[in-house]
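Descriptive structure summary
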Amino acid sequence: MDYATSFGRIIPELLLTGSGLVLLMIAAFGGEKASRLVSILAAVAIGAAGCLVIPTLANGVEGEAATAFYGQISADSFSAFAKLLVYLAAIGCLMIAPGFFGQRRAMKPEYPVLVLFATLGMSIMVSATDLMTLYIGLELNSLAAYVLASFLRNDSRSAEAGLKYFVLGALASGILLYGMSLTYGFTGTTSFAGIRAAQEAGLSTGALFGLIFVLAGLAFKISAVPFHMWTPDVYEGAPAPVTAFMSATVKAAAFIAFARVFLVAFNDSYTTWFPILWWLAAITMVSANLIALVQTNVKRMLAYSSIAHGGYLLLALTAANPTATAGMLFYLLVYTLMNIGAFAIVISVAHQAEERQYIDDYTGFGWANPALGVFLTIFLLSLAGFPGTGGFMGKIYLLQGAAESELWWLMVILVLTTVASYWYYLRVAWLMWMKNPTSDGQHDLVITPFPMRLALVVCVGLIVYTGIFPGAALEFARASVQGLGAFGGGIVGLAP
């Protein structure tokens, strides 16, 4: 394979890299006045990168024809779907940012540049077919996310969130890298295909420890219980657009990377990691939903909601079959739209100092701002999994995949925890529509710039569309899963 061919298969990443460097120079020399221009150009660059991966998704490229740099990175249909999802979420987060930073006069041109480089890191993550490539993408994404979390330098909460995220993230990265070094030491390779081939004679004790450390490191990135301790504090303290970015985009990329590592590299050790993921999924679904019930801060509630949805997605990884994996991709798409939309309205309600972050602050919001009230209600209903929304169809597909692998107890847990989640989602909707505002003019300062309104309309439209007509998105997800290369013999594994 020549380098020209390899470079041709990573054109989206090259475009993001070049754009990031150019915009970095514009930000450095243009000052704060360049913020709007840099944001627009960053969104255009990410959108252009998305257009470049559409042919791969449409043509379903897979196998050896989709690899680059001697198997270090993949340009298959699975990574194409993941990239489109990440790019869509990144653009959405750029669109809702002016509504937050503009009110505080804190919009800096560095923000879209950091989002662009974080997106580049995630693009590499979801395409990685080698442990070293995965680690490079993950760290590029993480380093940008650490800075984004502490972006409001004069806000003690933001600084605290960035510090906590950095310290715990560095610990998780160390654990992950140690697991990768053990895997390399006992298999002799870092490529996913090579690791899988090395397991033909069984998984050695050293490689088993490597698997466990890799799983722990990735579990931190997806906020699985008990590796979730950073999530509520960081989500609450970080600027709301950054919280939306981390809860939607970063989580989606982490799940895609998780799927590729365990459904390809450690595929033949399914019976080894199955019980670990089973318990992670069960504990995450139960714990996160129970803790969310008592939250009074909206951002913390959405943080635990994000952890709970991670538990639902872990169900798909535990099932480890094509139906469940396609359901995971579909659910990630819907979850991204729901979260970005919900946080956009949180930004509007919170106003300048983010003093209105509590659930009681939404009392009477629906009648004061009918359009935003309806939008937030749709997002909450979809997060809860009500029929007619994309969230409902996503859970149906997850349950179908789980049924194929006979994960009956996890299915029961998913259904029961979903019912429990109705309380904290519908409590907000009830306050919005069934109670009057606690003071006159309580919701007069709600600001929604045009980019934010456009993002809200797109998110609502796609959530309703995927809830009523899910076929097209699901077919793309099913076709993308075939590019993963792990399902050549059908179902990867059935629950023992």
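Before any of the text, the structure's been laid out above.
Residues numbered from 1 in each chain as written. Predicted model: local features only at pLDDT ≥ 70, side-chain atom pairs only at ≥ 80, totals over all residues. Heavy atoms only, no water.

Counted by the stated rule, this structure contains 8 salt bridges. Two residues, Glu13 and Lys83, come together in a salt bridge whose shortest N-O distance is 2.9 Å. On the criterion of sequence distance, the pair formed by Glu13 in helix α2 (residues 11-30) and Lys83 in helix α4 (residues 77-104) is long-range, its members being 70 residues apart. Among the residues examined, Glu13 registers a relative accessible area of 4% and is labelled buried. The residue Arg196 makes a salt bridge to Asp268 at a minimum N-O spacing of 3.8 Å. Remark: Asp268 occurs in the loop between α11 (240-265) and α12 (270-292) and Arg196 occurs in helix α8 (residues 192-198); sequence separation between them is 72 residues. We classify Arg196 as partly exposed; its relative accessible area is 23%. Overall, Asp268 belongs to the partly exposed group, its relative accessible area being 44%. (Salt bridge = Lys/Arg side-chain N within 4 Å of Asp/Glu carboxyl O. Helix = DSSP H or I, 4+ residues; strand = E, 2+ residues; numbered from the N terminus. Buried < 20%, exposed > 50% of the residue type's maximum accessible area, 1.4 Å probe, protein only.)

Here the focus is the packing of helix α9 (residues 205-221) against α11. Running from amino to carboxyl end, α9 crosses α11 at an angle of 165°, the nearest separation of the two axes being 9 Å. Relative to α11, the element α9 is oriented roughly antiparallel. Like other packed secondary-structure pairs, α9 and α11 cross with a definite hand, here left-handed. Packed against α9, whose contacting residues are Leu211, Val214, Leu215, Leu218, Ala219 and Lys221, the element α11 presents Ala254, Phe258, Val261 and Phe262 at the interface. (Axes fitted to C-alpha atoms, helices over the stretch in contact; angles between N-to-C directions. Parallel < 35°, antiparallel > 145°, perpendicular 65-115°, else oblique. Left-handed = near helix turned anticlockwise from the far one by under 90°. Contact = heavy atoms within 4.5 Å.)

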